[in-house]
Amino acid sequence: MSQQARVTAVLGPTNTGKTHYAIERMLAHRTGIIGLPLRLLAREVYDKIVALRGPSVVALITGEERIVPDRAAYWVCTVEAMPDGMGADFLAIDEIQLCADPERGHVFTDRLLRARGLLETLFMGSDTMKSAIAALEPKAQFVRRDRFSELTYTGSKKISRLKPRSAIVGFSVENVYAIAELIRRQKGGCAVVMGALSPRTRNAQVEMYQNGDVDYLVATDAIGMGLNLDVSHVAFSALSKFDGRRMRRLMPNELAQIAGRAGRYMQPGTFGVTGEAQDLEPEIVDAITSAQFTPIKKLQWRNDRLEFGSIGRLLQSLEKHTDDDWLSRARDADDVLALKSLREVTEVDARVSTPQDVKLLWDVCRIPDFRGISQGEHSALLEAIFGYLHDKGQVPRDYLGRQIARIDRTDGGIDALSKRLAFIRTWTYVAQRKGWVQDETHWRGETRAVEDRLSDALHGALTQRFVDRRTSVLLRRLKQKESLVADVNDKGEVTVEDQMIGRLDGFRFRQDQTSSPDEAKMLRQAALAALTPHFNLRADKFYNAPDTEMDFTEQGGLMWGDMAVGKLVKGASALKPEVEAFVDDEAGADVAEKVKRRLQHFIDRKITAAFEPMMALSNDETLTGLAKGFAFQVSEALGVLTRDAVAADVKALDQDARGALRKHGIRFGQFTIFMPLLLKPAPTRLRLVLWSLQKDLAEFPESPPPGLVTVPSVADAPEGYYTQAGYRLAGERAIRIDMLERLADQLRAEDSRGGFEAKADMLSITGMTLEQFANLMAGLGYKAAKDERDKVKAAPAEAPKAEESAEAAPAEAAPTQEGAAKAETPEAPAEKTDAEAAASAPVPEKEVFYTFTWGGFGTRKPREGGRPQGDNRGKGKQGGKPKGKGGPRRDNKAQNYQARPPKKEKAIDPDNPFAAALMGLKKD
């Protein structure tokens, strides 16, 4: 071992991420090997590493499985199957506290004493091993890891009252089956996990639980060895187990190892007892929740220096004792018991004459007793295998074929299938041993195929027995790929086998929530399997549908009729958004791609049609220089931008450049540069969606109702919203930018310095009351002085002229001179007092009026856009006050005049909307 090699013990309770940490450390090295306590856990870790690094560099070695690619760099093994002398940079052993296990402890102790990585060695397990590791490996460094989540004790509860996502633990097959049957009747079903299950059966059962098909799990203590499950509560149905020799009560650390499976990562977990199990004592509960246990004082040990001179010398070396106070000779394991049994067989003793024979016999004795039958039956099988290997060098092909054929049957119940599965594991182990069979690859594949078939059959039998019948039927049909009859009516309602189970919304299946939880997942699987052809037919219909059947929502959703089929997502630019199709994974990649492609075609054409003037502007190759750059800015702003944002660029444009841009419909307004055609409702609605996407807004602001000149201000409107909506914020309301420009034209003719009142046309343009208009003008930078005055009544109708009256009156009706005098001098009324005169005088009616003067914004900046720019054709500064009619000069300074040659008149722009009128004036 290198001087730099580190030995680290990562110790702590369950759910501390020790195994995950070991995987990370191993992958940080060039090569590595990790030993795990269970074949199930080894397969789980192997799958994780394959997902990270690929199958070409990851090996899996267990008693029944051997996957070794040529370029293998990372080895995942059961502890018993770890090859010696690997010379890997990294080595790790998980669940190191199993050194104290009576049955397997000697194997873990051997790895603790002898297995090392060239650069780094890692031992993971319980804190109870700290003293032992420190004594046996003085160079070891220790890392304490605390549990990610809290573990609490909830006492005793009946099975019928256990919450969903619970695991009930039993310690015998009979106990597990009895509990599972009870849960099926009371809760609808459960999954079953036992150490004797093959990885395939176990994974299928766990998948059923993890997917939510069932909410309960019944398991043996196998779940305590690092298997990651979504369990929130662990309930012990018993506190004692048979350890192979006697019934004994579980130790607190053993209980903690199992209870710790409750609550994964940051989710808290609970544990308790159920059934006939008695409440745990407070001191045991405290030990489990605080992870404080009695340290391990003795490790199981067996001599690793075996002597193969004879069977007797081999047994002597196996039974050798140790003087180390930390080590205790392990009791005779199954392999030693098998060796002692075969030693008494005359035919075996006669064949063993050389050390090679002894070594072969020992290798045969190490075949595990997967079947769990009597010692005599197991020894008889080992005797036959040894005889073939000794006499013929291999197990005969016809003998092995007959043994496998007897097992390759999927009929029968759970017990029969479990026994066959145990039998095939024996022959899988034999096929994995190098040189024991002819054509190893063939027999490894053959035994694995039989194991898979039996595993599937056992999973089906367990499901049929312990899961709700209807769910079980659907699952079996899916496994057997039977044709399920599904139908979708014109309302999108989905039926399977004539039963309503949900709706098809576009390309997503919405399951009916009235289904019971135990049936929900299976119904979904059945429905989606049967709906596959419907997905394809609907995708074809959608792909050929016209654009008129599709639309987008103001939140970026994509609709096909009343069905949501996708949404817009941010693309490379505002005019190039991408789409995300709403398609169930079960519909297949082809359907998803077809829907996505059709949606992309739709939105691309929608943008091209809505922004056609702007597209023409962007594609105009005749534009050059400043005009081309300005056109680019207009396109980037989606056709609408505030003038103050580009004031310098506008000023730099000459008349030719402006004329070229005006040909494309660009209007250079006092407040805004815009394309009037893009202010229509359809482009505005689309522009707001595209702009919101680019701004990464969580909620898109809606476009104002069409046809309104002003709209109320929007609370917390994002910056830039009003411009993209085609409005400008002014006071408490926002005004449409094209109408604002019309208003600006009228304001330009007013005396903004001396003050002016609102004209009827101004109120008519905005559609506002005088008070609202005053608020609007304040938002535009004007001061509004409010006052009252006598209301001037409308003048009465004029009397007819004298000449007209004379002509109209007949001659004989003409008054005499005397009569005329009387008419001209009416009778004088009686004089009134001052009080009477005041009381009888009419009260003048008052009216409110506003006087507007340019006030500017001062230090306050408008929310969007700058202050009114006035007549930019004057000599005032850009963005100055409006150039209305001014009064006479108030200073008496002499004015100097200088003769200059007359300026050359600029040609009138033919595209100017007032060109005709200007030409007429010029002629006059």
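Being a predicted model, the structure only gives us computed values, none of them experimental.

A.B. asks: I'd love a proper account of the overall build of the chain, names of residues and values included.
C.D. replies: Scanning the chain from terminus to terminus reveals 32 helices and 34 strands. When the 924 residues of the chain are sorted by exposure, 46% land in the buried category. Sequence-distant contacts in the chain: of pairs separated by 6 or more residues, those separated by 24 or more amount to 68%. In the structure as shown, the chain presents an accessible area of about 48400 Å², 50% of it carried by carbon and sulfur atoms.

A.B. asks: Go over the confidence of the model for the chain, please, and point to the residues and values.
C.D. replies: Of all residues in the chain, 83% have pLDDT values of 70 or greater, and the mean over the chain is 83. Mean pLDDT across the secondary structure elements of the chain bottoms out at helix α30 (residues 817-824), with 43, and peaks at strand β6 (residues 90-93), with 96. Counting interchain partners and residues more than four positions distant, the pLDDT-below-50 stretch residues 865-880 has 40 contacts.

A.B. asks: Tell me about helix α3 (residues 105-114), residues and numbers included.
C.D. replies: Judged by how many residues are buried, α3 sits mostly within the fold: eight of ten residues are covered. Looking at α3, one finds that the buried residues are Gly105, His106, Val107, Phe108, Thr109, Asp110, Arg111 and Leu112. As for α3, its buried residues are in contact with β6, β7 (120-125), α4 (130-136), β17 (299-301) and β18 (327-329).

A.B. asks: Summarise the sheet that holds strand β31 (residues 727-730); cite the residues concerned and give the values.
C.D. replies: The strand order β30-β32-β31 describes an open sheet built from three strands, whose pairing is antiparallel. For this open sheet the edge positions go to β30 (710-712) and β31, each flanked by a neighbour on one side alone. Across this sheet, the average inter-strand angle for adjacent strands is 30 degrees, counted without regard to direction. Pairing between β30 and strand β32 (residues 733-736): three bridges, direction antiparallel. Looking at the pairing, Pro712 lines up with Arg733 of β32. Packing of helix α26 (residues 737-747) onto the sheet brings it into contact with β31 and β32, and relative to β32 it is tilted by some 85 degrees.

A.B. asks: Describe the environment of Tyr429, and please don't skip the residues or the numbers.
C.D. replies: As for its placement among the helices and strands, Tyr429 is situated in helix α15 (residues 414-432). Given a relative accessible area of 12%, Tyr429 falls into the buried group. It is 9.8 Å that separates the C-alpha atoms of Tyr429 and Phe370, two residues lying 59 residues apart in sequence. Leaving out residues up to four positions away in the same chain, Tyr429 has contacts with Gly63, Glu64, Arg366, Ile367, Pro368 and Phe370.

A.B. asks: Could you give an account of helix α6 (residues 199-210), naming the residues involved and the relevant values?
C.D. replies: Its twelve residues place the ends of α6 16 Å apart at the C-alpha level, agreeing with the 16 Å of an ideal helix rising 1.5 Å per residue. Just downstream of α6, Gly212 is the residue with a positive phi angle, here 90 degrees.

A.B. asks: Explain the sheet that holds strand β26 (residues 578-581) to me, and be specific about the residues and the numbers.
C.D. replies: If you trace the four strands from one edge of the open sheet to the other, you get β23-β24-β25-β26, paired in antiparallel fashion. Each of the sheet's edge strands pairs with one partner strand only, and the pair in question is β23 (550-552) and β26. Strand-to-strand twist of the sheet, defined as the mean angle between neighbouring strand axes without regard to direction, takes the value 30 degrees. Examined bridge by bridge, β23 and strand β24 (residues 557-560) share three bridges and lie antiparallel to one another. If you follow Phe552 over to β24, its bridge partner there is Leu558. Strands in contact with helix α19 (residues 589-610) are β23, β24, β25 (563-569) and β26; relative to β26, the strand with the most contacts, it is inclined by about 145 degrees. Across the sheet, helix α24 (residues 681-694) touches β23 and β25, and the angle it forms with β23 is around 60 degrees.

A.B. asks: Tell me what's going on with the pattern of salt bridges, and back it up with residues and numbers.
C.D. replies: Here the structure, examined in full by the defined rule, presents 55 salt bridges. With a closest N to O distance of 3.7 Å, Asp89 and Arg30 form a salt bridge. Taken as a pair, Asp89 in the loop between β5 (74-78) and β6 and Arg30 in the loop between α1 (18-27) and β2 (32-36) lie far apart in primary sequence, 59 residues in all. Here Asp89 falls in the buried class, since its relative accessible area comes to 8%. In this structure, Asp332 and Arg329 form a salt bridge, with 3.7 Å as the shortest nitrogen-oxygen distance. Members of the salt-bridge network, linked through shared partners, are Arg39, Arg43, Asp47, Glu64, Glu65, Arg200, Arg425, Arg448, Glu451, Asp452 and Asp456.

A.B. asks: Tell me about the packing of aromatic side chains, and please be specific about residues and values.
C.D. replies: Within this structure, the stated rule accounts for 15 aromatic pairs. Here Tyr399 and Trp427 contribute two aromatic rings whose centre-to-centre distance is 6.0 Å and whose plane-to-plane angle is 80 degrees, an arrangement assigned as edge-to-face. Of this pair, Tyr399 sits in helix α14 (residues 397-407) while Trp427 is found in helix α15, placing the two residues 28 residues apart along the sequence. For Tyr399, a relative accessible area of 11% translates into the label buried. Pairing Phe507 with Phe542 gives two aromatic rings, centres 5.8 Å apart and planes at 70 degrees, and the pair type is edge-to-face. Taken as a pair, Phe507 in the loop between β21 (499-505) and β22 (508-511) and Phe542 in helix α18 (residues 517-543) lie far apart in primary sequence, 35 residues in all. Here the aromatic cluster, defined as three or more aromatic residues joined through ring pairs, consists of Phe756, Phe773, Tyr782, Tyr850, Phe852 and Trp854. Directly above the ring of Trp436 sits Arg433, whose terminal nitrogen or CZ lies 4.8 Å from the centroid.

Cut-off values and rules
- Residues numbered from 1 in each chain as written.
- Predicted model: local features only at pLDDT ≥ 70, side-chain atom pairs only at ≥ 80, totals over all residues.
- Heavy atoms only, no water.
- Helix = DSSP H or I, 4+ residues; strand = E, 2+ residues; numbered from the N terminus.
- Buried < 20%, exposed > 50% of the residue type's maximum accessible area, 1.4 Å probe, protein only.
- Contact = heavy atoms within 4.5 Å.
- Areas by Shrake-Rupley, 256 points an atom, 1.4 Å probe, with all protein chains shown as cover.
- pLDDT = per-residue confidence, 0-100.
- Pairing = 2+ DSSP bridges.
- Axes fitted to C-alpha atoms, helices over the stretch in contact; angles between N-to-C directions.
- Expected span 1.5 Å × (residues − 1).
- Salt bridge = Lys/Arg side-chain N within 4 Å of Asp/Glu carboxyl O.
- Phe/Tyr/Trp six-rings, centres within 6.5 Å; stacked < 30°, edge-to-face > 60°.
- Lys NZ or Arg CZ within 6 Å of the ring centre and 35° of its normal.

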